[in-house]
Amino acid sequence: MRKISVLILLCLFFGFSLSIISQEAEKTKKLPEDKSGSGSKIMEKEDIGDFSIKITRFYFGRENIRLTVTENELISESSIAVNKKNYSLTRRKLTGPERKSLKKFLSGFPLEEFKESYYNKGVKDGMQLRFEIRINETEKKIYVANYYIEELGELAAEIAKLLPEDNINYSKDNGSTEIEM
């Protein structure tokens, strides 16, 4: 009787897990294959229609800084949950050259290659970021805790160029552990 109960629980668990995995797979749409016949998935410059990038930096587990960049504007919020009296909001339109530079950068960005999260289990607190990225119809949320991923670091640096100062501060030098994709 006990073996049957355990077997039933395992079947339910795996069935539920497979259901979640298939739902997540549907949410993340893949890019079309290139026309060269190589089978690789690429995004060409002219393929970048609209995009949205949101980078949230956490402080003691609470949102502290949130940057949102779309094809048309930049929104920067700081001291969101940590110190409400110092809350600041900056909102401005992107210039033509800024938009062009971001689209060029995103045209080669390997969005579909990222996992959902990267953790350094050896660190209890520290640098925590959430990247929410949409390029055309492809979307991905990536949570990073005390890891440095070069491609995300390059994206953060590209966004930081739009700001008066780099308040994202996601670099190899900030104490994150570098991993390869």
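All values reported here derive from a predicted model rather than from experimental measurement. All residue numbers here refer to positions counted from 1 along the written sequence of the relevant chain. The predicted nature of this model means local features are confined to residues of pLDDT at least 70 and side-chain atom pairs, given and counted, to a pLDDT of 80 or more, with totals for whole chains, interfaces and linings taken over all residues. Note: side-chain values were computed over all heavy atoms of the structure, leaving out hydrogens and water.

J.: Please explain the pairing of strand E6 (residues 128–135) as it appears in this structure.
T.: Taken residue by residue, a regular strand's side chains alternate between the two faces of the sheet. Burial status follows relative accessibility: with a 1.4 Å probe on protein chains alone, a residue under 20% of its type maximum counts as buried, one over 50% as exposed, and anything between as partly exposed. Only DSSP runs of H or I reaching four residues or more are called helices, and only runs of E reaching two or more are called strands; each is numbered from the N terminus. Of all eight residues that make up E6, six are buried, and the element is covered over most of its length. Pairing between strands is defined by DSSP: at least two bridges between them are needed. Of the strand pairs in this sheet, strand E1 (residues 51–59) and E6 are connected by eight bridges, and their pairing is antiparallel. Bridged to Ile55 within E6 is Phe131. One ladder, built from eight bridges, connects E6 with strand E7 (residues 138–145); its direction is antiparallel.

J.: Please explain the pattern of salt bridges as it appears in this structure.
T.: Any two side chains of opposite charge can pair if their charged atoms end up close together. For salt bridges, the criterion is a side-chain nitrogen of Lys or Arg within 4 Å of an Asp or Glu carboxyl oxygen. Tallied over the entire structure, the rule returns nine salt bridges. Of the charged contacts, one joins Glu71 and Lys103 as a salt bridge, the two residues approaching to 2.9 Å between their closest N and O atoms. Of the two residues, Glu71 is situated in the loop between strand E2 (62–70) and strand E3 (73–78) and Lys103 in helix H2 (residues 96–107); the sequence distance between them amounts to 32 residues. Across the pair Glu73 and Arg91 runs a salt bridge whose closest N-O atoms are separated by 3.0 Å. Placement of the pair is Glu73 in strand E3 and Arg91 in strand E4 (residues 88–93), with a sequence separation of 18 residues. With a relative accessible area of 54%, Arg91 lands in the exposed category. Taken together, the shared-partner salt bridges in this structure form one network comprising Glu63, Arg66, Glu77, Arg130 and Glu132.

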